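# Structural description and commentary
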Amino acid sequence: MAAVTADRSAIRVKQGLGRAVILLGPPGAGKGTQAQRIAQRYSLPHLSTGDMFRDNISRGTEIGRKAKALMERGELVPDEIVLGMVEDRISQPDCAKGFVFDGFPRTLPQADDLEHICKQYNLGCTIVLHMVVDPALLMRRLTGRRICKAGGHIYNVYERPPKQEGICDIDGSELIHRPDDSEGVIGERLAAYDRQTQPLVEYYTLRGLLSPVDAMAAVDTVSESITRILDGANALK
Ligand code: ADP
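Structure report, in brief. (Residues numbered from 1 in each chain as written. Predicted model: local features only at pLDDT ≥ 70, side-chain atom pairs only at ≥ 80, totals over all residues. Heavy atoms only, no water.)

## What to know about the overall build of the protein
From N to C terminus, the protein includes ten helices and eight strands. Taken over the C-alpha atoms alone, the protein extends approximately 55 × 40 × 35 Å along its principal axes. Looking at the protein as a whole, 48% of its 237 residues qualify as buried. Long-range pairs, those at least 24 residues apart, make up 73% of the contacts in the protein with a sequence separation of at least 6. Within the structure as shown, the protein displays about 12,000 Å² of accessible surface, and the carbon and sulfur contribution to it stands at 54%. (Helix = DSSP H or I, 4+ residues; strand = E, 2+ residues; numbered from the N terminus. Buried < 20%, exposed > 50% of the residue type's maximum accessible area, 1.4 Å probe, protein only. Contact = heavy atoms within 4.5 Å. Areas by Shrake-Rupley, 256 points an atom, 1.4 Å probe, with all protein chains shown as cover.)

## So, the pattern of salt bridges
Overall, the coordinates contain 15 salt bridges when judged by the stated rule. With a closest N to O distance of 2.9 Å, R54 and D51 form a salt bridge. Remark: D51 and R54 occur in helix α3 (residues 49-59); sequence separation between them is three residues, near one turn of the helix. Assessed through its relative accessible area of 41%, D51 is described here as partly exposed. The salt bridge partner of R73 is E75, with a shortest N-O separation of 2.9 Å. You can call E75 partly exposed: its relative accessible area is 32%. (Salt bridge = Lys/Arg side-chain N within 4 Å of Asp/Glu carboxyl O.)

## Points about the site of the ligand
Surveying the vicinity of the ligand reveals 19 residues, the closest of which are T49, R54, E75, G103 and R189. V77 has a polar backbone atom sitting 3.0 Å from a nitrogen atom of the ligand. At a separation of 3.1 Å, an oxygen atom of the ligand approaches a polar side-chain atom of R178. Expressed as a share of its isolated accessible area of 550 Å², the protein-covered part of the ligand is 97%. It is α3 that contributes the most residues to the shell around the ligand, four residues altogether. (Near = heavy atom within 4 Å. Polar contact = N/O pair within 3.5 Å; in protein donor to acceptor, adjacent residues only side chain to side chain.)

## Overview of the sheet that holds strand β6 (residues 154-156)
Ordered by their spatial adjacency, three strands build an open sheet running β6-β5-β7, and the pairing between neighbours is antiparallel. Unpaired on one side and paired on the other, β6 and β7 (175-176) mark the two borders of the sheet. One ladder, built from two bridges, connects strand β5 (residues 145-148) with β7; its direction is antiparallel. Each bridged residue has a counterpart across the sheet, and for C148 the counterpart in β7 is L175. (Pairing = 2+ DSSP bridges.)

## Some thoughts on the state of the cysteines
Applying the stated criterion across every chain, the model contains zero disulfides. C125 forms no disulfide, and the closest cysteine sulfur to it belongs to C118, at a distance of 9.5 Å. Left without a disulfide partner, C148 is nearest to the cysteine sulfur of C168, which lies 3.9 Å away. (Disulfide = S-S within 2.5 Å.)

## Some remarks on the side chain of R178
Within the secondary structure, R178 sits in the loop between β7 and α8 (183-197). Of the polar contacts made by the side chain of R178, one reaches the side chain of D180; its length is 2.9 Å. Residues contacting R178, with those up to four places away along its chain left out, are R54, R145, I147 and R189.

## Digging into α8
With 15 residues, α8 should reach 21 Å at 1.5 Å per residue; the first-to-last C-alpha distance of 20 Å fits that figure. Of the residues making up α8, those classed as buried are V185, I186, R189, A192, Y193 and T197. The arc that holds the buried residues of α8, viewed along the axis, is 120 degrees, so those residues lie on one side. Residues of α8 that are exposed and angled more than 90 degrees away from the buried face: E183, G184, D194 and R195. Here the buried face of α8 lies against β1 (19-24), α4 (62-73), β4 (127-132), α7 (135-143), β5 and α9 (199-206). (Expected span 1.5 Å × (residues − 1). Arc of directions from axis to C-beta.)

## Some thoughts on unusual backbone geometry
Here the amide bond leading from F104 into P105 is cis, since omega sits at -5 degrees, within 30 degrees of zero. Along the chain, P105 turns up in the loop between β3 (98-102) and α6 (108-120). The residue S43 is not glycine, and still its phi comes out positive at about 50 degrees. Even without glycine at this site, N122 takes up a positive phi of about 60 degrees. Considering the arrangement of structural elements, one finds N122 in the loop between α6 and β4.

This is the structure:
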């Protein structure tokens, strides 16, 4: 049985990037936008804990019920709830060739758990893209953010407005303003980032896994920087 598992793992690593790609940065840094592009370019599943929670809330599941009030206040959901949900998702076959994660890990125990999962599935070294932004920009990015209901396409009414107000250019569906993208809640989300997620910068720096990305550049320029990092890491594999 162990030999069969090892063979399967060897096959997994040869496909795709064979790694976890993590986008680390505060709310509004552009993680979701870039994760969508990475997923498309490298044929990887795009995982987002925020989207998983929103999906659970709209389906009225137990996870959704536990997460809802915390999310509305801009606080993090407890690690044990996040970890069960993430482990379930990563165990699905489409994650075997690697995945791109936006919104996870967000605490030190989550980072430890991810390393454990990557070892278990024989994935290569995690690539952590640290999206570096000027905090003064974030409020405008978040209050202006609109998300397409059907496909999750992301717009900003100030910087990247849709052609027709309230309608997605790509699939014509309605654009929504996330309830936690209001000014009061954004302040708490940024504070939670500083308190609980910022320590991951040191955690991954010490492990030599962190690649800084200038996330204040134009969206296409940020994508080009990320592609250079990922192609470079892939060539070294
Ligand atoms: P953003 O990165 O723009 O703040 P997300 O959609 O990633 O937004 O997350 C929305 C909310 O979902 C967070 O404020 C938090 O309450 C919850 N959440 C998402 N991911 C995690 C996580 N890994 N750990 C704890 N809570 C999380």
